[in-house]
Amino acid sequence: MRKTWDIKAGRIARLGMFAALALALGWLEAQLPFLPGLPGVKLGIANTVLLYVLMLEGGGSAFCVMLVRVLLAGILYAGFSGFCYSLAGGLLSLGVMLLLRRVKGISLVGISCGGAAAHNFGQLCVACIWIGHRAALAYAPVLLLSGILTGAATAVCAKLVLRGIRKGGGTR
């Protein structure tokens, strides 16, 4: 029989690996200009990891991975303002994805698109606070459209990874 601390240590190690992968993918994405002239529009590659964790490990694990990634990214390369934008977007996104996950009939693509749109909305809220007025909301249609498109792409990547993992026997 396995001891409880063995199970906890394995889970912590697995979540640490996911957080490191998400951090590395986020850094890589920060190095690549996605669409010049459209600030805030990113592919969201690191969110593939978060979707994977959410679907296989649950909401608490996904929250831990998101929080560790956001904290480390803020310290290592995003700075304080990047931390604020990422934290607001990450919290709102994960909350929406957790709610959508409970609704019958919503696919992984729907969950991901909802999360991406919520992430962009969270960042817009921070922008409104940061600049002191609601002018940033004029950018909402661009971010909503980009969130839906990139959320769908992220979900397709996550589905491929999930399918491969399930065929290969899982993560444990």
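Keep in mind that this is a model prediction, so the values were computed, not measured.

Some points on the side chain of Ser61
Part 1 of the argument: Tracing the sequence through the fold places Ser61 in helix H3 (residues 59-101).
Part 2 of the argument: One polar contact links Ser61 to Arg11, side chain to side chain, over a distance of 2.6 Å.
Part 3 of the argument: In contact with Ser61, not counting residues within four places along its chain, are Arg11, Leu15 and Val53.

Topic: the environment of Ser112
Part 1 of the argument: Among the secondary structure elements, Ser112 is positioned in helix H4 (residues 108-131).
Part 2 of the argument: Its relative accessible area of 5% is what places Ser112 among the buried residues.
Part 3 of the argument: On a C-alpha basis, the gap between Ser112 and Ala155 in space is 5.7 Å, while along the polypeptide they are 43 residues apart.
Part 4 of the argument: Not counting residues within four places of it along the chain, the set of residues in contact with Ser112 comprises Leu51, Met97, Gly151, Thr154 and Ala155.

A word on the packing of aromatic side chains
Part 1 of the argument: Tallied over the entire structure, the rule returns four aromatic pairs.
Part 2 of the argument: When the ring of Phe80 is compared with that of Trp130, the centres are 6.3 Å apart and the planes differ by 40°; the resulting orientation is tilted. On the criterion of sequence distance, the pair formed by Phe80 in helix H3 and Trp130 in helix H4 is long-range, its members being 50 residues apart.
Part 3 of the argument: The class of Phe80 is exposed, set by a relative accessible area of 59%.
Part 4 of the argument: Owing to a relative accessible area of 45%, Trp130 belongs among the partly exposed residues under this scheme.
Part 5 of the argument: Here the aromatic residues Phe80, Phe83, Tyr85 and Trp130 are joined through ring pairs into a cluster of three or more.

Things to note about the confidence of the model for the protein
Part 1 of the argument: Confidence in the prediction of the protein, expressed as mean pLDDT, is 86, and 88% of residues score 70 or more.
Part 2 of the argument: For the protein, per-element mean pLDDT is lowest for helix H5 (residues 140-168), which scores 83, and highest for H3, which scores 94.

Considerations on the nonpolar core
Part 1 of the argument: In this structure, Phe18, Val53, Val65 and Met97 are the most contacted members of the largest nonpolar core, which totals 25 residues.
Part 2 of the argument: Of all the secondary structure elements, the ones that give two or more residues to this core are helix H1 (4-31), helix H2 (46-57), H3, H4 and H5.
Part 3 of the argument: With eight residues, H3 is the single largest residue contributor to this core.
Part 4 of the argument: Aside from chain neighbours lying at most four places away, what touches Val65 is Leu15, Phe18, Ala19, Leu50 and Val53.

The rules we used
- Residues numbered from 1 in each chain as written.
- Predicted model: local features only at pLDDT ≥ 70, side-chain atom pairs only at ≥ 80, totals over all residues.
- Heavy atoms only, no water.
- Helix = DSSP H or I, 4+ residues; strand = E, 2+ residues; numbered from the N terminus.
- Polar contact = N/O pair within 3.5 Å; in protein donor to acceptor, adjacent residues only side chain to side chain.
- Contact = heavy atoms within 4.5 Å.
- Buried < 20%, exposed > 50% of the residue type's maximum accessible area, 1.4 Å probe, protein only.
- Phe/Tyr/Trp six-rings, centres within 6.5 Å; stacked < 30°, edge-to-face > 60°.
- pLDDT = per-residue confidence, 0-100.
- Core = buried A, V, L, I, M, F, W, Y, C linked by side-chain atoms within 4.5 Å.

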